[in-house]
Amino acid sequence: MTAPHVCPAFVVSAENYDRLMGRYLPSLAPAFADAAGIGASAEPRPRLLDVGCGPGGLTRELVARAGTANVAAIDPSSPFVEACRERNPGVDARTGVAEDLPYAAGEFDAALASLVVGFMSDPARGLAEMARVTKPGGTVAACFWDPKRMPALGIFWTAAAAVDSAVTGEAHRPGGGRGELAALLRAVGLEDVREDEITVEAEYADFDDWWSAYTLGVGPIGMYYDSLDDTTRCEVRAECVRLLDHPNGPFTLRATCWFAAGAVPA
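Note that the structure is a prediction, hence the values are computed from the model and not measured.

The rules behind these values
Residues numbered from 1 in each chain as written. Predicted model: local features only at pLDDT ≥ 70, side-chain atom pairs only at ≥ 80, totals over all residues. Heavy atoms only, no water. Helix = DSSP H or I, 4+ residues; strand = E, 2+ residues; numbered from the N terminus. Polar contact = N/O pair within 3.5 Å; in protein donor to acceptor, adjacent residues only side chain to side chain. Core = buried A, V, L, I, M, F, W, Y, C linked by side-chain atoms within 4.5 Å. Buried < 20%, exposed > 50% of the residue type's maximum accessible area, 1.4 Å probe, protein only. Contact = heavy atoms within 4.5 Å. Right-handed = clockwise from strand over helix to strand, strands pointing away. Pairing = 2+ DSSP bridges. Salt bridge = Lys/Arg side-chain N within 4 Å of Asp/Glu carboxyl O. 1 Å grid on protein atoms, 1.4 Å probe; cavity = no way out; pocket = protein on both sides within 12 Å on 5 of 7 lines; lining within 4 Å. Points joined across faces, edges and corners; volume = space filled by probe spheres on them. Nonpolar A, V, L, I, M, F, W, Y, C, P; charged D, E, K, R; others polar. Phe/Tyr/Trp six-rings, centres within 6.5 Å; stacked < 30°, edge-to-face > 60°.

Participant: Any chance you could explain the side chain of Ser212 here in plain terms?
Facilitator: When you line up the elements, Ser212 lands in helix 8 (residues 207-212). At a separation of 3.0 Å, a polar atom in the side chain of Ser212 contacts the main-chain carbonyl oxygen of Asp209.

Participant: I'm lost on the nonpolar core in this one. Help?
Facilitator: Most often, soluble globular proteins have nonpolar side chains that are buried together. With 64 residues, the main nonpolar core has Tyr24, Leu112, Trp145, Phe156, Trp210, Trp211 and Cys240 as its most contacted residues. Looking at which element gives the most residues to this core, the answer is helix 6 (residues 151-163), with seven residues. Leaving out residues up to four positions away in the same chain, Cys240 has contacts with Ile155, Phe156, Ala159, Phe207, Trp210 and Trp211. Core analysis: the next-biggest nonpolar cluster, separate from the first, contains 29 residues, Phe108, Ala131, Val193 and Val264 among them.

Participant: I would appreciate a short explanation of the pairing of strand 2 (residues 71-75) in the present structure.
Facilitator: Every regular strand shows the same layout, with side chains that alternate between the two sheet faces. Burial of strand 2 is extensive: five of the five residues sit out of reach of the surface. Neither face of strand 2 is open: one carries Val71, Ala73 and Asp75, the other Ala72 and Ile74, and all of them are buried. In this view, the connection linking strand 1 (residues 48-51) to its parallel neighbour strand 2 by way of helix 3 (residues 57-66) has right-handed handedness. Relative to strand 3 (residues 92-95), strand 2 runs parallel, the two sharing four bridges. Across the sheet, Ala72 pairs through a bridge with Asp92, a residue of strand 3. Remark: the strand 2/helix 4 (residues 78-87)/strand 3 crossover connection has right-handed handedness.

Participant: Explain the environment of Pro55 to me, please; I cannot follow it from the model alone.
Facilitator: Examined against the element boundaries, Pro55 turns out to sit in the loop between strand 1 and helix 3. With 33 residues separating them in the primary sequence, Pro55 and Asn88 have C-alpha atoms 9.5 Å apart. Non-local contacts of Pro55, meaning those with residues more than four positions away in its chain, are made with Ala14, Tyr17, Asp18, Phe80, Ala83, Cys84 and Arg87.

Participant: Any chance you could explain the pattern of salt bridges here in plain terms?
Facilitator: Opposite charge on two side chains lets them pair, provided their charged atoms get close. Applying the stated criterion across every chain yields a total of 15 salt bridges. Linking Glu197 and Arg149 is a salt bridge whose minimum nitrogen-to-oxygen distance equals 3.1 Å. Note that Glu197 is positioned in strand 6 (residues 191-204) and Arg149 in the loop between strand 5 (134-145) and helix 6, a separation of 48 residues in sequence. According to the relative accessible area criterion, Glu197 is partly exposed, its value standing at 32%. Judged by its relative accessible area of 31%, Arg149 is partly exposed. Connected via shared salt-bridge partners are Arg19, Arg23 and Asp209.

Participant: Got a minute to help me understand empty space enclosed by the protein in this structure?
Facilitator: A water-sized probe rolled over the atoms picks out the places where empty space is left. Summed over the entire model, instances satisfying the criterion amount to one cavity of 30 Å³ or more. Roughly 650 Å³ of volume is contained in the largest cavity. If you trace the largest cavity, you find 43 residues lining it, with Phe10, Ser114, Leu115, Val116 and Phe119 closest to the centre. Every element with two or more residues in the lining of the largest cavity is listed here: helix 1 (14-20), strand 1, helix 3, strand 2, strand 5 and helix 9 (219-227). Element by element, the count of residues in the lining of the largest cavity is highest for helix 9, at three residues. The class makeup of the residues in the lining of the largest cavity is 27 nonpolar, 11 polar and five charged.

Participant: Explanation requested: the packing of aromatic side chains in the structure shown.
Facilitator: Remark: the centre distance and the inter-plane angle together describe each pair of aromatic rings, the angle taken between the planes. Per the stated rule, a full pass over the model turns up 17 aromatic pairs. Summarising the aromatic geometry, the rings of Phe156 and Tyr224 are spaced 6.3 Å apart at their centres and angled 85 degrees between planes, so their arrangement reads as edge-to-face. Of the two residues, Phe156 is situated in helix 6 and Tyr224 in helix 9; the sequence distance between them amounts to 68 residues. Comparing Phe156 with Tyr224, the two get one shared label, buried. Among the aromatic residues, those joined into a ring-pair cluster are Phe156, Trp157, Phe207, Trp210, Trp211, Tyr214, Tyr224 and Tyr225.

Participant: Where do I start with unusual backbone geometry in this structure?
Facilitator: Trans peptide bonds make up most of the peptide bonds, and negative phi angles are found at most residues other than glycine. Backbone geometry at Leu115 places phi at a positive 60 degrees, although glycine is not the residue there. Residue position: Leu115 is located in the loop between strand 4 (108-114) and helix 5 (123-132). Non-glycine residue Asp192 carries a positive phi angle of around 50 degrees. Its place among the elements puts Asp192 in strand 6. Of the residues examined, Asp192 reaches a relative accessible area of 66% and is grouped as exposed.

Right, here's the structure in full:
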């Protein structure tokens, strides 16, 4: 059994994370909640868990649908948990890992993991824990970027590979391919598993706004950037300019993630 761990690439400030991935959450969070069947007017209000909550982008959406008292959130990054608490006052936000959730069996009506499964040290164990803390008949749902259709990641890694042939990027992460999330959910015993795609957008003021997110040490991209010398950084940046092929003004990027959800057996 793989020991749970905290990925150092995400022990960073919430503001830095917002620059890289947080700008997608205003459109991803409601789309993910809709796909998971979390209604805004259900009575009684469901009890919901946000696993790998980050700074609280999805948590905010769940609070809007179920109320503060009915939402819990957990993440291994202490700075993210602190930000989640500040941005969602009253939410039960804790520091911890998906593979060892500090909740009772059947405590929630639904457990959701947004952009998290590929970073779990043991995805099967993490999803099994999500199923354990969800009531029979309840929902376990996850979404994760398709690296081939996520330009904010793909363009950078393609540019890096053009400069450094040893670069492999993030295409290997679990949950990023067709059927992978669904297979993981079935493997932990969930029923009526369904899969779909979610496509969202993010706005950028200009190329520098897009590029600056990679210089902040966030995620595998940030760690890779930090490892480069100044010459290589300039080469990768120049290749990104060529690949992005955008004018200096504002632009929008569309990105697609895989979604899967299943029911805990009765």
